[in-house]
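Inside the fold
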Amino acid sequence: MSATDLTSGPEAGVISDAAASAALMDLPEDDSGCPVMLRNAPSTVEFKKLRKRLLREVRQAIDDYGMVPADAAVKRPKWLVCLSGGKDSYTLLAVLMDLKWRGLLPVDLLACNLDQAQPGFPPEILPAFFEKNGIENIIVREDTFSIVTSKIPAHKTYCSLCSRLRRGILYRIAREQGCEAIVLGHHREDILETFFMNLFHGGRLASMPPKLVNDEGDLMVLRPLAYCAESDVAKFAAGMQFPIIPCNLCGSQDGLQREEVKRMLMDWERASPGRLGVMARALAHTRPSHLLDRSLFDFASLRPGENNGGEARDAEEPCGAGLAMTRNLFAAE
Ligand code: SF4
């Protein structure tokens, strides 16, 4: 398939699965027609595999969660792709542009950077990157940093207020620019970390969904990297040599709790490779009848002869010896 074929190909929502697979698998030898941003992509076998994997996973997430409306080929939605200058958002933009070039994403993309006036933020990097790569963009500067530091005591984390202010401004920009969605670069590990943060500290089973409608009901929030492993995103960004802007300029982080959860996940993955993938899949396979949330499953009406929400088998329960072993383990700590 030539680059020309890819640009003029059928679009997501109407393209057959076979044609889509071909468009994903068939990286053209001559990619001179591709977006400027992708022209210098490394041509090693390993990098091509990585690029294809990210393309496949992002397209899968877009399809699975219906991010592109069925009438997109006619009504042409526009997405505001949010770039902080970190590895995740650069990768997000590159993969979306790649899919679009292959005729698999019938959406107009507008790259957006919100400069929050954090001390040391290099304001020249993203404009230069956009210009060099011919990327349609909007850059907005709003000094949320001063607001946050004036309202939050120095020893507390700024993240909650900072992210609320940022989100409000991004919604406003999306409306002004006629976008139906803001698109964020959160990947699989971000979603898992948030899940465990909520589990350990929030007392609820919840994470960041791949697709959400805002409280006002007029915009979507999309996370097309939801299936992508952070290590793949990092390798891709390094291979593409994106001009990364450090992410700790504000001097605040989400506190020790997120760091702890991050470390815990990384330790688990090191001890049992593939565990993060299993946990991410679990988030897409809940069994309300085998949890304790009465708002999701009508336990009160459950009687012999009723269906257990599709799964009659009970979970394996630990026997007395198993429970005693666990008690001893904790007692030994
Ligand atoms: S780490 Fe900094 S920029 Fe990010 S949300 Fe927290 S305060 Fe805002």
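Computed from a predicted structure; not experimentally measured.

Secondary structure assignment for the chain yields 14 helices and six strands. Expressed as a percentage of the 333 residues in the chain, the buried residues total 27%. Put simply, of all contacts in the chain between residues at least 6 apart along the chain, 76% involve residues at least 24 apart.

Our next topic: unusual backbone geometry. With the exception of glycine, most residues fall at negative phi, and the peptide bonds are largely trans. Here the phi dihedral of A117 falls at roughly 60 degrees; this positive angle occurs in a residue that is not glycine. Notably, Q241 is not glycine yet its phi reads approximately 55 degrees, a positive angle. Mapping Q241 onto the fold places it in the loop between α11 (230–240) and α12 (256–271). Since 11 C-beta atoms lie within 10 Å of it, Q241 is described here as exposed.

A few words on the packing of helix α10 (residues 188–202) against helix α13 (residues 275–282). Contact pair α10 / α13: the axes reach a minimum separation of 10 Å and the direction vectors enclose 70 degrees. Classified by the angle their axes make, α10 and α13 are roughly perpendicular. Pair α10 / α13 crosses with left-handed handedness. Packed against α10, whose contacting residues are R188, E189, I191 and L192, the element α13 presents L276, M279 and A280 at the interface. Taken together, the residues of the contact of α10 with α13 sort by class into five nonpolar, no polar and two charged.

With that out of the way, let us pick up the sheet that holds strand β3 (residues 137–141). Read across the open sheet, the six strands follow the order β3-β2-β1-β4-β6-β5; overall the sheet is mixed. Where the open sheet ends on each side, the last strands, each with one partner, are β3 and β5 (211–213). Going from strand to strand, the sheet's axes swing by 25 degrees on average, the running direction of each strand aside. Note that strand β1 (residues 78–82) and strand β4 (residues 181–183) share three bridges and pair parallel.

Structurally, R175 is set in helix α9 (residues 159–176). When the C-alpha atoms of R175 and D218 are compared, they prove to be 8.6 Å apart, with 43 residues separating the residues in sequence.

Where helix α8 (residues 144–151) meets α9, the closest approach of the two axes is 10 Å, and the angle between their N-to-C directions is 145 degrees. The way α8 lies across α9 gives a crossing that is right-handed. Taking contact as the criterion, the partners of T144, I147, V148 and K151 in α8 are, on α9, L161, C162, L165 and R166. Here the residues of the contact of α8 with α9 sort into five nonpolar, one polar and two charged.

Turning our eyes to something else, we now look at the environment of R287. Positionally, R287 belongs in the loop between α13 and α14 (320–332). Separated by 10 residues in the primary sequence, R287 and F297 have C-alpha atoms spaced 9.3 Å apart.

Two faces, one strand: in a regular strand the side chains alternate between the faces of the sheet. Summarising the sheet, β1 and strand β2 (residues 108–115) pair through five bridges and their orientation is parallel. Directly across from W79, in β2, lies its bridge partner L109. For the crossover from β1 across helix α6 (residues 87–101) to β2, the handedness is right-handed. Of the strand pairs in this sheet, β2 and β3 are connected by five bridges, and their pairing is parallel. Bridge assignment links D115 to a residue of β3, and that residue is R141. With helix α7 (residues 125–133) bridging β2 and its parallel neighbour β3, the resulting β-α-β unit is right-handed.

Next up on the list: the nonpolar core. If you look at the biggest cluster of nonpolar residues, it comprises 51 residues, and the most contacted ones within it are L80, V81, I182 and V183. Considering every element that reaches this core, the biggest residue donor is α6, with nine residues. Membership of the second largest hydrophobic core comes to five residues, among which are F145, V148, Y158 and C250.

With that out of the way, let us pick up the confidence of the model for the chain. Mean pLDDT over the chain: 88, with 83% of residues reaching 70 or higher. Contacts of residues 1–14 to residues separated by more than four positions or lying in other chains number 43 contacts, the stretch itself having pLDDT below 50.

What counts as what
Residues numbered from 1 in each chain as written. Predicted model: local features only at pLDDT ≥ 70, side-chain atom pairs only at ≥ 80, totals over all residues. Helix = DSSP H or I, 4+ residues; strand = E, 2+ residues; numbered from the N terminus. Buried ≥ 20, exposed ≤ 12 C-beta atoms within 10 Å, placed from the backbone. Contact = placed C-beta atoms within 7 Å. Axes fitted to C-alpha atoms, helices over the stretch in contact; angles between N-to-C directions. Parallel < 35°, antiparallel > 145°, perpendicular 65-115°, else oblique. Left-handed = near helix turned anticlockwise from the far one by under 90°. Nonpolar A, V, L, I, M, F, W, Y, C, P; charged D, E, K, R; others polar. Pairing = 2+ DSSP bridges. Right-handed = clockwise from strand over helix to strand, strands pointing away. Core = buried A, V, L, I, M, F, W, Y, C linked by C-beta atoms within 7 Å. pLDDT = per-residue confidence, 0-100.

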